[in-house]
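Notes for the structure review
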Amino acid sequence: MFKRFLALFLTVMTLCTALTGACAESEIENALEWSADSLLTLLLYKDNVTLEGHAEFALDGEHFKTADTLYIQDEYNSSWDWNLLTPRADGTEREGGWTIVANDDLVYVIEAYTPGVYRTGTTAASRSILRDSVQLDVMTGLLRALAEWGDMALDEGAVTADWDNGMTVRLKLGQDAPALVDLGLNLAAQYLAKRMFGLDYDQIGSVDSQPMSSYTTVTQGILGSTRSFNLLEADVTLRSGVDGTFEEASGTASVLLNTEWDGVRTLDVTFSLRASDYDVSAVPDFDPAAYGVTLAEDSVRFD
């Protein structure tokens, strides 16, 4: 449950971060490096922050998921409120989602489909949004290196920067973007699929592929069927404060999904993300009474 939301959230962030591989003049290059550092600092090093996000996903023009979230990180504690809307065959939308509270290494989960009860579990305590790892160090190093390469000239107007009262960078890219953009996007997407879903693309060959229709959900179908990703177009704006603190990101992106059985599919994403309350966010200890829930009969009380 937690992994599914984080995967959606990080997919959006991957689109932003991978785009920093496209650089033009030195001023733009500096702005992109500033944006990359701001975003990665938020994900890897900030231990007290509140995030509010919204994302809409469509496959070949057909909407298949809307996600809204409120995330609070406070030292080793965190809280997720994730609301989902998924279309039904009759045209209505199915409401779902989770409330997840992590106090150190204990996790409490309330699922929209089973109101009135909560379940428990354990996890590795973390003081950041993304848990550090050797492979993640390699990924962030690659993305920072892409942002520093200033010889990958783009068409005029593809990247604009405004340094008034902080820094705002807007990227408008199409299929003519440097090949390194697609390379960064593919490496980041494969890393996220492995960490969030346990899907190791290095262990998958053509004989292992299946049509998207054979998977239970659209998300699983995209991850299981796609062999490579290509950027079709993107219009993304990132903003950070005068001290380099990440503030918000928003935009749209279209990505081509190259599959073995279903040909080329198109994934469209519209998203917004805002960070606030640095150093003042707070996550209280989980209190069932505050949520009006009791422990589910099939759950173990770890505390």
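Just above, that's the structure.
In this report, we go over the structure that sits alongside the text. (Residues numbered from 1 in each chain as written. Predicted model: local features only at pLDDT ≥ 70, side-chain atom pairs only at ≥ 80, totals over all residues. Heavy atoms only, no water.)

**Some points on the side chain of S38**
Mapped onto the elements, S38 comes out in helix α2 (residues 26–44). Residue class for S38 comes out buried when judged on its relative accessible area of 4%. From its side chain, S38 meets the backbone nitrogen of F246 in a polar contact 3.0 Å long. (Helix = DSSP H or I, 4+ residues; strand = E, 2+ residues; numbered from the N terminus. Buried < 20%, exposed > 50% of the residue type's maximum accessible area, 1.4 Å probe, protein only. Polar contact = N/O pair within 3.5 Å; in protein donor to acceptor, adjacent residues only side chain to side chain.)

**Overview of the packing of aromatic side chains**
Tallied over the full model, the rule gives eight aromatic pairs. Arranged with centres 6.1 Å apart and planes meeting at 40°, the rings of F57 and F64 form a pair that is tilted. Exposure class is identical for F57 and F64. Each is buried. Here Y108 and Y118 contribute two aromatic rings whose centre-to-centre distance is 6.3 Å and whose plane-to-plane angle is 55°, an arrangement assigned as tilted. You can see Y108 sitting in strand β5 (residues 106–111) and its partner Y118 sitting in strand β6 (residues 117–122), a full ten residues away along the chain. Each of the two residues, Y108 as well as Y118, counts as buried. What links up through ring pairs into an aromatic cluster is the set Y108, Y118, F286 and Y291. The lysine or arginine in question, R94, covers the ring of Y113, its NZ or CZ lying 4.1 Å from the ring centre. (Phe/Tyr/Trp six-rings, centres within 6.5 Å; stacked < 30°, edge-to-face > 60°. Lys NZ or Arg CZ within 6 Å of the ring centre and 35° of its normal.)

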